[in-house]
Amino acid sequence: MRVVLQRVSRASVTIGGQQVGSIGQGLLLLVGFSDDDTGAEIGWMADKVVGLRVFSDDEGKMNRDIAEVDGGVLVVSQFTLYGDVRKGRRPSFVHAAEPGKAEQYYKEFISALERHDISVASGVFGAMMDVQLVNDGPVTLILER
């Protein structure tokens with residue numbers, strides 16, 4: 001499981017001109033699953049995301065987590081996180097999880113985040129989405145399990 005986490009001032013997902021998810025201050029999570037994932041990674045990743053202290057305290061140090069700033073999380077599925085470009089000029093996605101498995105894990109990940117009693121919005125699995133964000137910092141981290 002791989003997550004690209006971006007601290008944002010705001011972010012939204014639009015499909016076909018209709019907004020399907022949005023947050024103000026918080027975290028945009030681009031989420032991908034590999035063919036090796038078993039689902040055991042999901043709880044760990046949700047706990048890690050929610051516990052990360054990436055928001056500034058009164059002294060400007062990254063010392064606060066998402067709950068402490070009353071922030072939201074926007075989750076967007078992105079199988080291309082497992083694109084392999086080491087050979088040739090076109091990405092290979094042979095290590096990305098097959099769609100049925102990835103969609104199940106995606107939904108489980110959203111549920112795991114919601115159990116932390118934070119505001120969670122999401123895109124639509126497998127849809128062509130327009131993602132807009134204002135990266136705050138910028139702060140971008142890559143998490144993998």
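Residue indices follow the written sequence of each chain, beginning from 1 at its first position. Reporting of local features is limited, given that this is a predicted model, to residues whose pLDDT is at least 70; pairs of side-chain atoms are given and counted only at 80 or more, and all residues count toward the totals for whole chains, interfaces and linings. Hydrogens and water molecules were not included; the side-chain quantities draw on all heavy atoms of the structure.

Asker: So what exactly am I meant to see when it comes to the overall build of the protein chain here?
Answerer: When helices and strands are counted, the protein chain shows two helices and eight strands. Secondary structure elements of the protein chain, listed N to C terminal, follow the sequence β-β-β-α-β-β-β-α-β-β. Its C-alpha atoms give the protein chain a radius of gyration of 15 Å, within 12% of the compact-globule value 15 Å for 145 residues. Taken over the C-alpha atoms alone, the protein chain extends approximately 45 × 35 × 30 Å along its principal axes. Out of the 145 residues in the protein chain, the part that is buried amounts to 43%. In the form shown here, the protein chain has an accessible surface area of approximately 8100 Å², with 46% of it arising from carbon and sulfur atoms. Only DSSP runs of H or I with at least four residues qualify as helices, and only runs of E with at least two residues qualify as strands; both kinds are numbered from the N terminus onward. Atoms counted for the radius of gyration: C-alpha only. Globule rule: 2.2 Å times residue count to the power 0.38. Whether a residue is buried, partly exposed or exposed follows from its accessible area with a 1.4 Å probe, protein chains only, as a fraction of its type maximum: under 20%, in between, or over 50%, in that order. Method for areas: the Shrake-Rupley scheme with a 1.4 Å probe, in which residue coverage is limited to the protein chains shown.

Asker: Just checking my understanding: could you explain the side chain of Ser77 for this structure?
Answerer: Along the polypeptide, Ser77 turns up in strand β6 (residues 72-77). A residue is classified by how much of its surface remains accessible, and Ser77, at 13% relative accessible area, is buried. Any two residues whose heavy atoms approach within 4.5 Å are treated as being in contact. Not counting residues within four places of it along the chain, the set of residues in contact with Ser77 comprises Val31, Tyr106, Val124, Phe125, Gly126 and Met129.

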